[in-house]
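One-letter residues, chain by chain:
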Amino acid sequence: MSESVRSFDALMRLAAGTTVAMDKWAKSSRWTEGSIDLAPERMQALREMFENPQSDPASLTRYRGALQSLLREHSRLLKRAGYDEKRADAIADHTWAKVLDRGTSELWAAWNVDDFIDRLGLEQTVPGLKAAKADPEYTRETAAAVGYVGALATNWKWRTERIAEEIHRRPPHLKLEWASKLWYESQELEFLVPLHSQHVTILRSEQVVRDHLDRVGGVTGDDPVKVFAACQAHGEQAVRALDTELAAMRKEYDNPALMAFLKEDAKAAVLKITRAGQSAHNQALDETKSAGGIAAWDGRMHLHNKFVVQHLREMFANPGQQHDEQTLRRFRWAIGVVLHENAHFAIPDKDDYALSAAPFGDRKWLRWAEEGFVEAFNTAYLNDFIKETGLDKVAPGIHEVESGETYESFAPAARAMSQGVDGRTGMDREALRRQAAASPRGQWDELVDQLYETSKLPDLVPDADVGFVKREIGEAMRTHFAWLDENTGRGNVQQTRELSALRGQQAFQAGVYAMESFEKLYSSPTAEALYQSRLARGVAPEATVQHEPGPVRERQWERAAADLYADSKLPGLVPEPEVFHVKRAIETAMGAEGAAEPAKSLITQLEAQYGSSDSKALYQSLLAAHSGVAPAGSAKPAQDAPAAAAVAARVAACRHDRGSETLR
């Protein structure tokens, strides 16, 4: 707060809002005036702190303890997601509920009281509060919570503060459920126990904890130290009893074949098929309800229980049994999810899987490209995966059925681009295999590399230009693929697939056109002379040397070219796929010195070309010449234009003599 609290009334008025601000999960507070019931001595200490403050250590300790109690009680009144007042009131009088509510709230308040003091500016009002010794209200419930939380932290290898905070931040009626379910999942029981039995087994685990924590209420004695020690022991015993119960469940429902498949066999099969250097899957398994599966950046594989794990459990429970076609489809789809997630995890040696998170966040299209490549790989290699893992013997006939494909907006496009590369190399499914072996952030670059290798460019392009040329090829393809993100998924699935496949074909053709343009450029008699002259003038023969996965530096004049384009009439004339290439032509015209006049001259000529009455005829002739397919109509010419070739023709028509300087 900007000003310190100077009165008892102000403290009581502002404490609720301050506590809400401290808890990032809280929506509001149920506090009303008079709803905080502190012990009389604590309330008296708060009044004294403002009306007659003392500075001796004992007084400061009392004040700090009273503030901690105030924070604890306000934290218990916070409204969080999932709060149900009736359910909370129904368990309020149970000892086990008091341990998890009041006990963990006391621990949370002890770790956060300094923040509470700072936010209210109380250190200025009463100097020395933060340095004073702690004075918690230690009760049976707090002692049991210390034992319970401490034992969980030891077993889970979590910080005690984190355990307490995770339990504390949940509504009273959900605290035990969360802790029990997390423990349940840590034993991987959600993958072993049949779905229809999971609710019952979770309730069994919760009852074990309740029974032990309820014993706290029966602890008696005259020695507070012994009483608190006994209560703490009951908290610890609750965790040990839960561990024993869940171990018995694991033994009861154990399925070694299923767990071996999920943790080891699937990973080994994918590494063998892709020939990737390593897998980022650390064998940890978690449940997800938001997707069929998730390959998390921390190496954990999340699988949907109902739609993936349960199908696999059913399959492994009856190895070798004959199933009807519908059942085999369910099994095959679940197997495909496991293959898909393991394909995400397949990366080169010495690569770090988590490094792909940032590029995916910065470039959404790159993420969808990777998902498309992985799903296309999944479709192409699923039978290989089934055979490699021996699942064709577990579920006979499974390789003969179809299970469908996800990512219909991107997988067909990814398949079309990869098949285009395979068509040039004469190899079957090789492009997808190589892409699957690359890092998630590097799969697009891997596709461009493969396409580049099928051309004459490796023998023509100087080493210093290779990165620039590959970037241009990739960018020519990207403009078509990235269009899918905003323009698909609105019709039916079949239409989406067809449009995606068409865009993939166009992206591949755009890459080929770009390569052919560079082949002509670097094969021309003037190419070497131009390259040498630029070196002699001390001008770098390329704008971007870097060609590693991740952010790429901007060109020197890219922003200026974009500004000139925006200020012209071209935005209303140029078809969408050609925009990128027009901007590149303007940038090229600026030359190494960034001269605006040649670029403006080119813009004037391009405006005339794109605005002329024969512009449509030029488009038609180019499309026919380069694709052999006449456009279906004039409604969407921009979607089908071979962009690189179209712009090359328009620029040539302008008779601009700086065209060869694309080497820059």
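You'll find the structure just up there.
Values in this document were obtained by computation on a predicted structure and should not be read as measured data.

### Quick look at the overall build of the protein chain
Helix and strand counts for the protein chain stand at 31 helices and 7 strands. Sorting the 664 residues of the protein chain into buried and exposed places 54% on the buried side. By sequence separation, contacts in the protein chain at least 24 residues apart represent 76% of the contacts at least 6 residues apart. Summing over all exposed atoms, the protein chain offers an accessible surface of approximately 29,900 Å²; the carbon and sulfur share of this is 50%.

### Structural notes on the layout of surface pockets
Of the pockets and cavities examined, the second largest pocket occupies roughly 680 Å³. Around the second largest pocket, the lining is made up of 32 residues, and of these His340, Glu341, His344, Glu371 and Tyr407 lie nearest the centre. Across the lining of the second largest pocket, the residue classes break down as 13 nonpolar, 11 polar and 8 charged.

### Quick word on empty space enclosed by the protein
Per the counting criterion, the structure on display carries 1 cavity of 30 Å³ or more. Counted as a void, the largest cavity has a volume near 50 Å³. Lining the largest cavity are Arg30, Ser75, Arg76, Leu78, Arg80, Tyr83, Asp101, His168, Arg170, Pro172 and Lys175. Listing elements by their share of the lining of the largest cavity, those giving two or more residues are α3 (57-76) and β2 (78-80).

### Comments concerning the environment of Leu100
Position of Leu100 relative to the elements: it lies in helix α5 (residues 95-119). Linking Leu100 and Thr142, residues 42 residues apart in sequence, is a C-alpha distance of 8.7 Å. Sequence-distant contacts of Leu100, defined by excluding residues within four places in its chain, comprise Tyr148, Ile167, Lys175, Leu176 and Leu213.

### Details of the side chain of Ser205
On the secondary structure map, Ser205 appears in helix α11 (residues 195-214). Residue classification places Ser205 among the buried residues on the basis of a relative accessible area of 0%. In this view, Ser205 contacts Ser180, Leu242, Leu246 and Met249; residues no more than four positions away in its chain are not counted.

### A closer look at the pattern of salt bridges
Two side chains of opposite charge can pair, provided their charged atoms sit close to one another. Applying the stated criterion across every chain yields a total of 30 salt bridges. For Arg119, the salt bridge goes to Asp115, with nearest N and O atoms at 3.1 Å. Of this pair, Arg119 and Asp115 both sit in helix α5, 4 residues apart, which is roughly one turn of the helix. Residue Asp115 is classed as partly exposed on the basis of its relative accessible area, which comes to 29%. In this structure, the salt-bridge partner of Glu453 is Arg434, at a minimum N-O distance of 3.4 Å. Taken together, the residues Glu453 in helix α21 (residues 443-453) and Arg434 in helix α20 (residues 430-436) connect sequence positions 19 residues apart. Three or more residues joined by partner-sharing salt bridges are found here, namely Arg72, Glu73, Arg76, Asp101, Arg102, Glu106 and Glu137.

### Things to note about helix α9 (residues 175-186)
With 12 residues, α9 extends 17 Å from end C-alpha to end C-alpha; this agrees with the ideal 16 Å at 1.5 Å per step. Most of α9 is tucked away: 9 of the 12 residues are buried. Inspection of α9 places Lys175, Leu176, Trp178, Ala179, Ser180, Leu182, Trp183, Tyr184 and Glu185 among the buried residues, and these make up the whole buried set. Following α9 by one or two positions, Glu188 adopts a phi angle in the positive range, close to 60 degrees.

### Quick notes on the environment of His480
Tracing the sequence through the fold places His480 in helix α23 (residues 463-487). C-alpha separation for the pair His480 and Ser500, spaced 20 residues apart in sequence, amounts to 9.9 Å. Here the side chain of His480 touches Arg503 through a polar contact of 3.2 Å, side chain to side chain.

Conventions and cut-offs
Residues numbered from 1 in each chain as written. Predicted model: local features only at pLDDT ≥ 70, side-chain atom pairs only at ≥ 80, totals over all residues. Heavy atoms only, no water. Helix = DSSP H or I, 4+ residues; strand = E, 2+ residues; numbered from the N terminus. Buried < 20%, exposed > 50% of the residue type's maximum accessible area, 1.4 Å probe, protein only. Contact = heavy atoms within 4.5 Å. Areas by Shrake-Rupley, 256 points an atom, 1.4 Å probe, with all protein chains shown as cover. 1 Å grid on protein atoms, 1.4 Å probe; cavity = no way out; pocket = protein on both sides within 12 Å on 5 of 7 lines; lining within 4 Å. Points joined across faces, edges and corners; volume = space filled by probe spheres on them. Nonpolar A, V, L, I, M, F, W, Y, C, P; charged D, E, K, R; others polar. Salt bridge = Lys/Arg side-chain N within 4 Å of Asp/Glu carboxyl O. Expected span 1.5 Å × (residues − 1). Polar contact = N/O pair within 3.5 Å; in protein donor to acceptor, adjacent residues only side chain to side chain.

Bear in mind that shape data such as this cannot, by itself, settle questions of function.
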